[in-house]
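Fold and contact review
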Amino acid sequence: MKELSALQIARYQYVPKLPGMLRNGIKEISVKEGEATQSVADQEKIKALFPNTYGKKEITFEKGENTSETKKQVVGVILSGGQAPGGHNVVCGLYDALKATDKDNVLLGFKGGPSGLLEDSYIEMTDEYIDQYRNTGGFDIIGSGRTKLETEEQFAVAEEVCRKHGITAIVIIGGDDSNTNAAVLAEYFAAHNSGVQVIGCPKTIDGDLKNEDIECSFGFDTATKTYSELIGNIERDCNSAKKYWHFIKVMGRSASHVALECALETQPNVCLIGEEVAAKKMSLSDVADVIADSVCKRAAKGMNFGVVIVPEGIVEFVPEFSSLIAEINELLAGEKADAFNALASWDEKLGFIKEGLTKEAYDVFAILPQGIQQQLFLERDPHGNVQVSLIESEKLFSALVRDKLDALKKEGKYKGKYSTQHHFFGYEGRCAFPSNFDADYCYSLGYNAFMLIQYGYNGYLSKVSNLSAPAEEWVAGGMPITKMMNIERRHGQDKPVIRKALVELDGNPFKYFEAHREEWAEETCYTYPGAIQYYGPSEVCDRTTVTLALEKGKKEL
Ligand code: FBP
């Protein structure tokens, strides 16, 4: 029998907080249409690509008479991409609004991500089933997957599955790519008069689905709080034992929002920000210098310990490293990989590599520790490309720093001790019990998604804003996904996409970090956020991220 933890039992009883305008019951939710919208850029091109869904109005819900059409709703829901805390509550909010509207409405959960829709693999949600997942982490309620719904053939299959079950709407819970595809699917359904609406919900722990309409993606709050708890614990250990430099990599496939938020929470000695590295065109050696500088300054004060946060996507922001990767991909393209693999020893392989790379690329390759050099040639994706996400960048930078320190020691400029520990925090945070913020936000997103369906909207993202205020003051509504789109070059083609939000170097979160980091690099200024609190005073339990507080002017610069 499955044993439940005391917290799990307690969390089942938690009642997520809805925005004030959704609190009076389904019969008291009216809709207010705002201005017609335009895409953020490339208006003519986006309009031509989305003739049926472009330019729709923004939506806000209000307290007032519910005037939506009465019809039986059969809704399909899909979880897409990496897990993010709160996903279950999106499904619960959707289910509760759907059943409160009409108990004969049906919610189908497609299993294993978007492929569940294509394969017609689903479960029908019931009270008994859904109640096991309220306010819990994970995506195991239906599972998730990374299949992309993007081709006409897939859309035709999806349409057929919808017709078979009488589905009136699909809710896609995903990141920027999944919501881009939700917009394309919505357009397809509209163009084919299939009578199926599509609504998206903004998910990703990476925090890079954010724009003037979406204040943050769900899961970012809980994941960063979980990593920050662990980093704070390491900082305390570090400051107790005073003998290690800890290099901690945190998830975030490309943007550095997670690393930055963890730094704002814990005040480590160094935090690398990929976007800054790219803007300043820093080399690997420049980045290592930043860390070595902190090590030396602290050693001079007798502190041979410290904490460095490294974002997962850092190496792709180092221009010379990206060029090296591009050359390696080229070097091993097609049959050339077989010739390389046939070489017996690493020395022979090194000869092949030296001959095949330009001098600039080889110089970069040559400074990498051998373990990382070999990783670049061993870990390939199905297309034969280097899997950058698997590179152990925390080990790469700690080794580069060691080389720097050895050189400085020889010159008599550094006399400290340098012992290192390495960590990678990623999966530890993606399925944590959602913080109260994520539990409330996600439930509201799901509830709200159903209201958009009920009022007949298609191609919208469920939007809940004013998130730095108490939930009572949150604003529920919807935004046409096309409003968030522009044209970008992807795989050699112009594509309509939602722009990925990178860390803005003139934004308040980075500015705050920049203003304090010199002091953090030299002194011990660690802060220990501790574990996420679910019960207790609101200022402890409902706290948002520092990033959101700074962005919304709730924390002084
Ligand atoms: P999404 O963009 O799908 O939300 O996933 C983000 C993420 O958690 C990244 O932080 C990480 O790089 C990646 O997923 C890991 O993916 P996988 O689960 O396939 O190992």
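Residues numbered from 1 in each chain as written. Predicted model: local features only at pLDDT ≥ 70, side-chain atom pairs only at ≥ 80, totals over all residues. Heavy atoms only, no water.

**Let's talk about the environment of Glu 235**
Convention followed: The secondary structure listing takes helices from DSSP runs of H or I that are at least 4 residues long and strands from runs of E that are at least 2 residues long, numbered from the N terminus. When checking whether two residues touch, look at their non-hydrogen atoms; a contact exists if any pair is within 4.5 Å.
Tracing the sequence through the fold places Glu 235 in helix α8 (residues 220–241). C-alpha of Glu 235 to C-alpha of Gly 34: the two residues are 201 residues apart in sequence and 48 Å apart in space. In contact with Glu 235, not counting residues within four places along its chain, are Thr 266, Gln 267, Pro 268, Val 307, Tyr 526, Thr 527 and Tyr 528.

**Observations concerning the sheet that holds strand β9 (residues 270–271)**
We count it as follows: We treat two strands as partners when DSSP finds at least two bridges between them. As a rule, the C-alpha atoms of each element are fitted with a line to give its axis, helices using only the stretch in contact, and angles between N-to-C directions run from 0 to 180 degrees.
Strand order in the open sheet formed by 4 strands is β9-β10-β8-β11, and the pairing between neighbours is parallel. Each end of this open sheet is capped by a strand with a single partner; those strands are β9 and β11 (420–425). As judged from the 6 bridges shared by strand β8 (residues 245–250) and strand β10 (residues 306–311), these two strands associate in the parallel manner. Within β10, the position partnered with Phe 247 by the bridge is Val 308. Helix α11 (residues 284–300) rests against β8, β9 and β10 of the sheet, and its axis sits at about 150° to β8.

**Thoughts on the site of the ligand**
Put simply, the rule reads: We call a residue near a molecule or strand whenever a single non-hydrogen atom of that residue lies within 4 Å of it. We call two N or O atoms a polar contact when they sit within 3.5 Å, provided that within protein one can donate a hydrogen and the other can accept it, with sequence-adjacent residues counted only if both atoms are side-chain atoms. What sets the accessible areas is the Shrake-Rupley method with a 1.4 Å probe; for residues, cover comes only from the shown protein chains. Put simply, Ala, Val, Leu, Ile, Met, Phe, Trp, Tyr, Cys and Pro go in the nonpolar bin, Asp, Glu, Lys and Arg in the charged bin, and everything else, Gly too, in the polar bin.
Around the ligand sit 13 residues, and of these Gly 82, Thr 204, Asp 206, Tyr 427 and Arg 430 come closest. Within the contact set of the ligand, an oxygen atom lies 2.8 Å away from a side-chain nitrogen or oxygen of Thr 204. The separation between an oxygen atom of the ligand and a polar side-chain atom of Asp 206 is 2.6 Å. Here the ligand has 490 Å² of accessible area as a free molecule, and 79% of this is covered by the chains. Taken together, the residues that form the shell around the ligand break down as 3 nonpolar, 4 polar and 6 charged.

**Some points on empty space enclosed by the protein**
Here is the rule we go by: Both cavities and pockets are sets of points on a 1 Å grid over the protein atoms alone; in a cavity a 1.4 Å probe fits but cannot get out, in a pocket the set is open with protein on both sides within 12 Å along at least five of seven lines, and lining residues sit with an atom within 4 Å of a point. Grid points are joined across faces, edges and corners, and a volume is the space filled by probe spheres set on the points.
One pass over the full model with this rule turns up 1 cavity of 30 Å³ or more. In terms of lining, the largest cavity is formed by Gly 207, Lys 210, Glu 215, Cys 216, Ser 217, Phe 220, His 257, Thr 545, Thr 547, Leu 548 and Glu 551. Considering every element that reaches the lining of the largest cavity, the biggest residue donor is helix α23 (residues 546–551), with 3 residues. Looking at the lining of the largest cavity residue by residue, the class counts come to 3 nonpolar, 5 polar and 3 charged.

**A closer look at the layout of surface pockets**
Size it by volume and the second largest pocket reaches roughly 560 Å³. Lining the second largest pocket are 25 residues, and of these Lys 210, Asn 211, Glu 212, Ala 501 and Glu 504 sit closest to its centre. Mapped by element, the contributors of at least two residues to the lining of the second largest pocket are α9 (257–266), α21 (508–522) and α23. Counted by class, the lining of the second largest pocket contains 10 nonpolar, 5 polar and 10 charged residues.

**Structural notes on the nonpolar core**
Going by this rule: In this description, a nonpolar core means a group of buried Ala, Val, Leu, Ile, Met, Phe, Trp, Tyr and Cys residues linked to one another through side-chain atoms lying within 4.5 Å. Think of it in three bands: residues with accessible area under 20% of the maximum for their type are buried, residues over 50% are exposed, and the middle band is partly exposed, with areas taken using a 1.4 Å probe on protein chains only.
By size, the foremost hydrophobic cluster in this structure holds 118 residues, and its most contacted members are Phe 61, Tyr 227 and Tyr 441. The greatest single-element share of this core, amounting to 11 residues, is contributed by helix α20 (residues 436–454). Once residues lying within four places of it in the same chain are set aside, the contact partners of Phe 61 are Met 21, Leu 22, Ile 29, Ser 30, Val 31, Asn 448, Met 451, Leu 452, Tyr 455, Ala 476 and Gly 477.

**Re the sheet that holds strand β6 (residues 169–174)**
Spatially, the 9 strands line up as an open sheet ordered β1-β2-β13-β12-β7-β6-β3-β4-β5, and their pairing is mixed. Edge positions in the sheet fall to β1 (29–36) and β5 (122–124), since each of these pairs with one other strand and no more. Taking each pair of neighbouring strands and ignoring which way they run, the sheet shows an average axis angle of 25°. Here strand β12 (residues 460–465) runs beside strand β13 (residues 475–480); their pairing, made up of 6 bridges, is antiparallel. Bridge pairing links Val 464 to Ala 476 in β13. In this fold helix α7 (residues 176–191) packs onto β6, β7 (197–202) and β12, with an angle of close to 170° to the strand it touches most, β7.

**A short note on the packing of α9 against α21**
So the rule is basically this: Working definition: roughly parallel below 35 degrees, roughly antiparallel above 145 degrees, roughly perpendicular at 65 to 115 degrees, and oblique for all remaining angles. For any helix crossing, the convention is left-handed if the near helix is rotated counterclockwise from the far helix by under a right angle, and right-handed if that rotation is clockwise.
Packing of α9 against α21 leaves a shortest axis separation of 10 Å and a crossing angle of 55°. Taken as axis vectors, α9 and α21 run oblique relative to one another. Pair α9 / α21 crosses with left-handed handedness. Each of Leu 260, Ala 263 and Leu 264 in α9 lies in contact with α21, whose residues at this interface are Pro 509, Phe 510, Tyr 512, Phe 513 and Trp 520. Each residue belonging to the contact of α9 with α21 can be placed in one class, and the counts come to 8 nonpolar, no polar and no charged.

**Some points on the pattern of salt bridges**
Oppositely charged side chains are able to pair whenever their charged atoms sit close together. The line we're drawing: Basic side-chain nitrogens of Lys or Arg form a salt bridge, by our definition, when they fall within 4 Å of a carboxyl oxygen of Asp or Glu.
Scanning the model with the defined rule gives 30 salt bridges in all. Here Glu 276 ties to Lys 280 by a salt bridge, and the two come within 2.7 Å at their closest N and O atoms. Assessed through its relative accessible area of 7%, Glu 276 is described here as buried. Between Asp 494 and Arg 489 there is a salt bridge; the shortest N-O distance is 3.0 Å. Note on Asp 494: relative accessible area 48%, which makes it partly exposed. Among the charged side chains, a network of salt bridges with common partners joins Glu 212, Asp 213, Lys 463 and Lys 483.

**Let's talk about unusual backbone geometry**
A positive phi angle is found at Asp 120, which is not glycine, with a value near 55°. Following the sequence through the fold, Asp 120 ends up in the loop between α4 (114–118) and β5. Of note in this structure, Lys 281 is not a glycine but carries a positive phi near 50°. Considering the arrangement of structural elements, one finds Lys 281 in the loop between α10 (274–279) and α11.

**A look at the side chain of Thr 224**
Positionally, Thr 224 belongs in helix α8. Here the side chain of Thr 224 touches Phe 220 through a polar contact of 2.7 Å, landing on its backbone oxygen. Every residue in contact with Thr 224, bar those within four places of it in the chain, is listed here: Val 258, Glu 261, Cys 262 and Thr 545.

**Section: the side chain of Lys 210**
Inspection of the secondary structure puts Lys 210 in the loop between β7 and α8. Judged by relative accessible area, which is 15%, Lys 210 ranks as buried. In terms of polar contacts, Lys 210 uses its side chain to reach the side chain of Glu 551, at 2.8 Å. Residues in contact with Lys 210, not counting those within four places in the same chain, are Glu 215, His 257, Ala 501, Thr 547 and Glu 551.

**Overview of the pairing of strand β14 (residues 485–490)**
Note: β14 against strand β15 (residues 493–498), 6 bridges, orientation antiparallel. Residue pairing for β15: Glu 488 is matched across the bridge by Lys 495. As consecutive antiparallel partners, β14 and β15 are separated by 2 residues, and within that stretch His 491 has a phi angle of approximately 45°, a positive value.

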